[in-house]
Protein chains: 2
Amino acid sequence: MTTRERPTLEAVARRAGVSRATVSRVVNGSTTVAATIREAVNRAVEELGYVPNQAARSLVTRQTDSIALILPETANRVFSDDLFFPAIIRGVGSELEAADKQLVLMMAGSAAGYHRVERYAVAGHVDGVMFASIHGADPLPGLLARRGIPVICSGRPMLADPPVPYVDVDHAGGVAAALDLLITSGRRRIATIAGPQDMVAGLERLTGYHETLRRAGLPSLVAAGDFTRESGVTAMRALLAQDPDLDAVFAASDLMAHGALQALRDAGRRVPDDVAVIGFDDFEISRYSDPPLTTVRQPIAEAGRVMARQMLRLIAGDPDIDPAIILPTELITRASA
Amino acid sequence: MTTRERPTLEAVARRAGVSRATVSRVVNGSTTVAATIREAVNRAVEELGYVPNQAARSLVTRQTDSIALILPETANRVFSDDLFFPAIIRGVGSELEAADKQLVLMMAGSAAGYHRVERYAVAGHVDGVMFASIHGADPLPGLLARRGIPVICSGRPMLADPPVPYVDVDHAGGVAAALDLLITSGRRRIATIAGPQDMVAGLERLTGYHETLRRAGLPSLVAAGDFTRESGVTAMRALLAQDPDLDAVFAASDLMAHGALQALRDAGRRVPDDVAVIGFDDFEISRYSDPPLTTVRQPIAEAGRVMARQMLRLIAGDPDIDPAIILPTELITRASA
DNA sequence: TTACGGCCTGAGAGCGCTCCAACAAGGGTA
DNA sequence: TACCCTTGTTGGAGCGCTCTCAGGCCGTAA
């Protein structure tokens, strides 16, 4: 290991024959430095391979140019084929990279996790904190906001004290579009596989289902799931047992829809002839299921990008941040409905 | 925003009626502090809501307790249904979390990305750098190592100057197991869909294919892919055109195997009756394909965990780090072969 | 020639923390 | 009683950087 001593500002200054302050000015791109001196400094920087020490810099500037993204701990345990968090990470990552900020990934959810994240943020390790998907009435966003740390959520937080800006997608609109397709194509016994009710996404999609069906004068039939494929299988079986004659099912996630497809096949039902299936997400894999899945596309990566952009504005001190941004959803019609 | 002034060590010391040094000792868990004083300090910390300033701390300790994971930029662009990087992240994340280190995620690959990562690491923002999957002869790992920064790679680096410790999986063994199954079940015209040849994983799986078939006295038939599903479809079509009578295909990734399955179905071939298919990865989705995919399981998350563990040892100054750790692969037999 | 801005540059004071050297008490030993 | 440990505590010197402020230089106008 060539742990050669790393050069400091001081060393560069000596070599260039100027003061520390001047080097600092050059390094930070100040314009008030004479061209000849600037060049001399740049040469010294080059020759010495100087890179500013981040710790020293943030000690005085009080900012770190990195931003945390908090994932619920479940992301680490349960969903080994989940594509939601990867998409969020992709979106956030690309946007932050463009702004030359760093992404710090943290898992939270456990009590210990809470505390860790809080300490981490308060210790000034990051300039802001973004939450990817809030579970239940998570107190953490509010807690950090109260500590004066910039916070943005993906998905409307249930707890809003103080209100934290968020970006979410139009769940209700997407659900309505899906159900409308089902209804206008003549389906009358439309069941749903709901998502977890401690998450706004699960909640709003179920509410949307109830409202649209009520408006259409159709009966509701609900089974509970947790967004996973396995829960989709189980829920679909339960639904079939309750109403063997149902002719459509709306699943609140693509993975659950895939599970439903499987359970339907096992039960000898043809899709879409006997039962139409619609999902919610539009993951890549849904183009390749048998049959290809009709689903509501939600722009996950885009949500990540927007979230990151809002965070950047927040950090920059922009006074008028939208308290909420709702991204549109879109019905993608394929073969399953 | 309640940006109330954050208390410093000094403030805590004043409140507890001791010196800064003593507070520092208590906060950092030194044992040589009298119990009564320790309690008084803890009380003051509690009351003031004191959290040590990370920048100040790392300025003197020269460590940050966070570690970077570098993803190739492609991860951000191409693979929207790739499950490799999420799995690596999961593995690394869980291990680092247990060690109370933070994970900093960075994308690299572009020239600009290189420079950013290098500066970032050299600036002392992280204590070490891990690479998830090396593309071609990436100079970055060696470059950082030469700068004295702890580096670990997932996947053997092609460039080994200076040699960088890595963890990889037993590609050759997995391929041999897959092909043996094919051969002993009577397949004689076994094709392969190869991965990108600028990655060790692609290279070694193809080499393994060639060697095993040569030993068995069987002919080779190769089509090139890039690990994606789409490339699997294309490659399978090419293979079918070249040898309509092939009776088996080994794909160097699950996604390509799924593509092959699709192309085979489109061409009217039955799997496994007409053509047997084996993949490599064992992603969750491969349990649900039609038919379920026989594949070589590589322990991706485990590789992430091991990589993180090695990194932790490296940072701790452990003198004897294994220069290479090879994790076993395992053939998972399902319906496609 | 002197006076006066304007423009650059340098000196120096921190940012909040760790850690070393030095020192104050006690308690045991000769 | 004098001496030496041991245990616990303090002051202070930095870590490497930014940023304010004062001061030097020069051109221009009086």
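Cut-offs and rules
Residues numbered from 1 in each chain as written. Chains lettered and ligands numbered in written order. Predicted model: local features only at pLDDT ≥ 70, side-chain atom pairs only at ≥ 80, totals over all residues. Heavy atoms only, no water. Phe/Tyr/Trp six-rings, centres within 6.5 Å; stacked < 30°, edge-to-face > 60°. Buried < 20%, exposed > 50% of the residue type's maximum accessible area, 1.4 Å probe, protein only. Helix = DSSP H or I, 4+ residues; strand = E, 2+ residues; numbered from the N terminus. Salt bridge = Lys/Arg side-chain N within 4 Å of Asp/Glu carboxyl O. Contact = heavy atoms within 4.5 Å. Buried area = accessible area lost by both parts, 1.4 Å probe. Polar contact = N/O pair within 3.5 Å; in protein donor to acceptor, adjacent residues only side chain to side chain. Nonpolar A, V, L, I, M, F, W, Y, C, P; charged D, E, K, R; others polar. Pairing = 2+ DSSP bridges. Least-squares fit on C-alpha atoms with pLDDT ≥ 70 in both. Core = buried A, V, L, I, M, F, W, Y, C linked by side-chain atoms within 4.5 Å. Near = heavy atom within 4 Å. Domains from an automatic or database assignment. Expected span 1.5 Å × (residues − 1).

- In the annotation of an unreviewed UniProt entry, the entry for chain A reads LacI family transcriptional regulator, and the organism field reads Actinoplanes xinjiangensis.

1. Let's talk about the packing of aromatic side chains
In this description, an aromatic ring pair is defined by two values, namely the gap between the centres and the angle between the planes.
Then, number 1: Using the criterion set out here, one finds four aromatic pairs over all chains in the structure.
Then, number 2: With centroids separated by 5.3 Å and ring planes inclined at 85 degrees, the aromatic side chains of A:F84 and A:F85 adopt a geometry described as edge-to-face. Considered together, A:F84 and A:F85 belong to a single accessibility category, that of buried residues.
Then, number 3: On the numbers, 6.4 Å between centres and 70 degrees between planes, the contact of B:F250 with B:F280 is edge-to-face. Here B:F250, found in strand β8 (residues 248–251), pairs with B:F280, found in strand β9 (residues 276–281); they are 30 residues apart in sequence, far enough to count as distant.
Then, number 4: Since its relative accessible area comes to 1%, B:F250 is described here as buried.
Then, number 5: Accessibility expressed as a relative area gives 0% for B:F280, which makes it buried.

2. Considerations on the pattern of salt bridges
Residue and element names in this part refer to chain A.
Then, number 1: Inspection of every chain in the model, using the stated rule, returns 32 salt bridges over all chains.
Then, number 2: Linking E10 and R20 is a salt bridge whose minimum nitrogen-to-oxygen distance equals 3.6 Å. Of this pair, E10 sits in helix α1 (residues 9–16) while R20 sits in helix α2 (residues 20–27), placing them ten residues apart in sequence.
Then, number 3: Salt bridges sharing common partners tie together E10, R14 and R20.

3. Thoughts on the interface of chain B and chain A
Then, number 1: At the junction of the two partners, chain B supplies 55 residues and chain A supplies 54 residues.
Then, number 2: Each partner contributes to the roughly 5200 Å² buried at the junction of chain B and chain A, and carbon and sulfur atoms together form 54% of this total.
Then, number 3: For the pair chain B and chain A, the interface holds four salt bridges.
Then, number 4: A salt bridge links A:R116 to B:E97; its shortest N-O distance comes to 3.2 Å.
Then, number 5: Run the count over chain B and chain A and you get 13 residue pairs in polar contact (both at pLDDT 80 or more).
Then, number 6: Mapped by element, the contributors of at least two residues to the side of chain B that touches chain A are α4 (54–61), α5 (74–77), α6 (84–98), β2 (102–108), α7 (111–122), α8 (140–146) and α11 (229–242) of chain B.
Then, number 7: Its residues placed into classes, the side of chain B that touches chain A shows 22 nonpolar, 17 polar and 16 charged.
Then, number 8: Bridge analysis of strand β2 (residues 102–108) of chain A against β2(B) gives three bridges, and the strand direction is antiparallel. The residue bridging A:L105 from the neighbouring strand is B:L103, located in β2(B).

4. Some words on the relation of the copies chain B and chain A
Then, number 1: Superposing chain B onto chain A requires a rotation of 180 degrees together with a translation of 0.0 Å along the rotation axis, leaving an RMSD of 0.1 Å. When the rotation and shift are considered jointly, the pair of chain copies conforms to a two-fold rotation axis.
Then, number 2: When the interface residues of chain B are mapped onto chain A, 98% of them are again interface residues, pointing to one common binding face.

5. Looking at the nonpolar core
Then, number 1: A:L69, A:L105, B:L69 and B:L105 are the most contacted members of the largest nonpolar core, which has 66 residues in total.
Then, number 2: With residues near it in sequence (within four places) discarded, A:L105 still touches A:L69, A:L71, A:I89, B:I89, B:Q102, B:L103 and B:L105.
Then, number 3: The next biggest cluster of nonpolar side chains, apart from the first, holds 46 residues, and it includes A:A108, A:V126, A:Y166 and B:L140.

6. Focus on the protein's contact with DNA strand C
Then, number 1: Close to DNA strand C lie 27 residues, the nearest being A:T22, A:R62, B:L9, B:S24 and B:Y50.
Then, number 2: Those atoms of DNA strand C that come within 4 Å of the protein belong to sugar or phosphate at a rate of 64%.
Then, number 3: B:S24 has a polar side-chain atom sitting 2.6 Å from a phosphate oxygen of DNA strand C.
Then, number 4: A distance of 2.4 Å is found between a phosphate oxygen of DNA strand C and a side-chain nitrogen or oxygen belonging to B:Y50.

7. Re the domain arrangement of chain A
Then, number 1: By the assigned domains, chain A splits into domain 1 (9–52), domain 2 (66–169 + 301–327) and domain 3 (171–297).
Then, number 2: One C-alpha centre belongs to domain 1 of chain A, the other to domain 2 of chain A, and the line joining them spans 37 Å.

8. With respect to helix α13 (residues 300–315) of chain B
Residue and element names in this part refer to chain B.
Then, number 1: A rise of 1.5 Å per residue sets the reference length of α13, with its 16 residues, at 22 Å; its end C-alpha atoms lie 23 Å apart and thus fit the reference within 8%.
Then, number 2: When we look at burial in α13, the residues that qualify are I300, A301, A303, G304, V306, M307, A308, Q310, M311, L312 and L314.
Then, number 3: Phi turns positive one or two residues past the end of α13, at G317, with a value near 85 degrees.

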